[in-house]
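Residue strings, one per chain:
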Amino acid sequence: MNRQSEFAEKIALVTGAASGIGKASVSSFARQGATVILADINAEDGERVASDLRAEGNDAVFVRTDVSEPDQCSALVDFIKTKYGRLDIACNNAGIADGIAPPATHELPLDVWRRMIDVDLSGVFYCLQAELPLLLATGGGAIVNTASLQSFITFPRTTAYTAAKHGVLGLTKAIAKEYGPQGIRCNAVAPGVVNTGLTREILSNDTWRAALEEKIPLGRTAAPEDVARVMTWLCSEGAQYVNGACVPVDGGFLT
Ligand code: NAI
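Everything numeric here is computed off the predicted structure, so don't read it as measured data.

The rules behind each value
Residues numbered from 1 in each chain as written. Predicted model: local features only at pLDDT ≥ 70, side-chain atom pairs only at ≥ 80, totals over all residues. Heavy atoms only, no water. Salt bridge = Lys/Arg side-chain N within 4 Å of Asp/Glu carboxyl O. Helix = DSSP H or I, 4+ residues; strand = E, 2+ residues; numbered from the N terminus. Buried < 20%, exposed > 50% of the residue type's maximum accessible area, 1.4 Å probe, protein only. Pairing = 2+ DSSP bridges. Right-handed = clockwise from strand over helix to strand, strands pointing away. Expected span 1.5 Å × (residues − 1). Arc of directions from axis to C-beta. Near = heavy atom within 4 Å. Polar contact = N/O pair within 3.5 Å; in protein donor to acceptor, adjacent residues only side chain to side chain. Areas by Shrake-Rupley, 256 points an atom, 1.4 Å probe, with all protein chains shown as cover. Nonpolar A, V, L, I, M, F, W, Y, C, P; charged D, E, K, R; others polar.

Novice: Mind showing me how you'd approach the pattern of salt bridges here?
Specialist: Working definition: two side chains of opposite charge can pair if their charged atoms are close together. All told, the structure shown has seven salt bridges when counted by the stated rule. Note that Asp88 is salt-bridged to Arg86, the shortest N-O span being 2.6 Å. Between Asp226 and Arg229 there is a salt bridge; the shortest N-O distance is 2.7 Å. Here Arg229 and Asp226 lie together in helix H8 (residues 224–234), a separation of three residues that amounts to about one turn. For Arg229, a relative accessible area of 53% corresponds to the exposed category. Taken together, the shared-partner salt bridges in this structure form one network comprising Arg220, Asp226 and Arg229.

Novice: Hey, could you run me through the pairing of strand E4 (residues 89–92) in this one?
Specialist: Alternating positions in E4 separate into two faces, Ile89 and Cys91 on one and Ala90 and Asn92 on the other, with burial throughout. The pairing of strand E1 (residues 11–15) with E4 spans three bridges and is parallel. Looking across to E4, one finds that Leu13 is bridged to Ala90. By the bridge criterion, four bridges tie E4 to strand E5 (residues 141–146) in an arrangement that is parallel. From the neighbouring strand, Asn92 faces E5, where its bridge partner is Asn145. Following the backbone out of E4, through helix H4 (residues 110–138) and into the adjacent parallel E5, one traces a crossover that is right-handed.

Novice: Would you explain helix H3 (residues 70–84) in this entry?
Specialist: Note: α-helices contain 3.6 residues per turn, so residues at a spacing of three or four share the same orientation. Here H3 is 15 residues long and its end C-alpha atoms lie 21 Å apart, about the 21 Å a rise of 1.5 Å per residue gives. For H3, the complete set of buried residues consists of Cys73, Leu76, Val77 and Ile80. Along the axis of H3, the buried positions cluster into a sector of 85 degrees, meaning they face one direction only. Exposed and facing more than 90 degrees away from the buried side of H3 are Asp71, Thr82 and Lys83.

Novice: Hey, could you run me through the site of the ligand in this one?
Specialist: Near the ligand you find 30 residues, and of these Ile21, Asp40, Tyr161, Val194 and Thr196 are the closest. Here a nitrogen atom of the ligand sits 3.3 Å away from a polar atom, N or O, in the main chain of Ile41. Within the complex, 92% of the 820 Å² of free accessible area of the ligand lies under protein. Those elements that place two or more of their residues in the shell around the ligand are helix H1 (20–31), H4 and helix H5 (159–179). Counted by class, the shell around the ligand contains 13 nonpolar, 13 polar and four charged residues.

The structure is reproduced here in structure tokens:
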């Protein structure tokens, strides 16, 4: 842990922190001195990540949370308020995606549509609603939402994910405009193709992997740490004049 860093004394919440991009981000904040709260629906992995961070000397606590349940998002932030009395950084990152062979849009089961919107869009909104009062009481702070390439473009048969991630971009702008005057910056990262549990199935297929890599000017898919570095920067003093931005972290995919 780095007690000299600008993140020392900061309280940082990351959702979806049990794996992938969230795990890399929460580790980055913790190793730079922040006290971190890990939220995830997966308690086993979440507890393990928090325990590993504590073993390195960091302040880390896991709170099992399903972000699609507004009451659980409120309880999460109530816990933070009671234990720490403040919140400086909130990364609304938890998400799900389509499988490797999703159905055509006209055949998409409504429960699949609803779950995607509940987790990937409403989940961000519920977290924001819970977090904003504590961020305001703290005197300001930084929010980063995890958007996607699919906040800008789409691929066939990914209608629900595309709609949800376009919505995350809208939420990011809305919060940036409404709460910027009160010292809360709200930005998003738009990861490209990242090696995580979400993409394991697609990237283990050689044909799919090659087709995706061909679209990435940097010639490789991303590590979770590639995205975590940008999330951390967006919460840093270096980004103090960045508000309402959605930063692609995609190796140039969108170019
Ligand atoms: P991941 O599957 O490794 O991590 C997602 C985490 O969210 C998991 O730990 C999972 O348990 C948690 N989660 C799922 N549903 C939840 C719920 N209802 N409540 C609380 N936690 C829940 O995947 P990854 O890639 O790290 O995903 C993180 C974010 O990045 C997601 O929002 C995803 O849409 C986004 N993203 C990922 C890309 C990729 O290529 N991996 C590309 C673009 C965006």
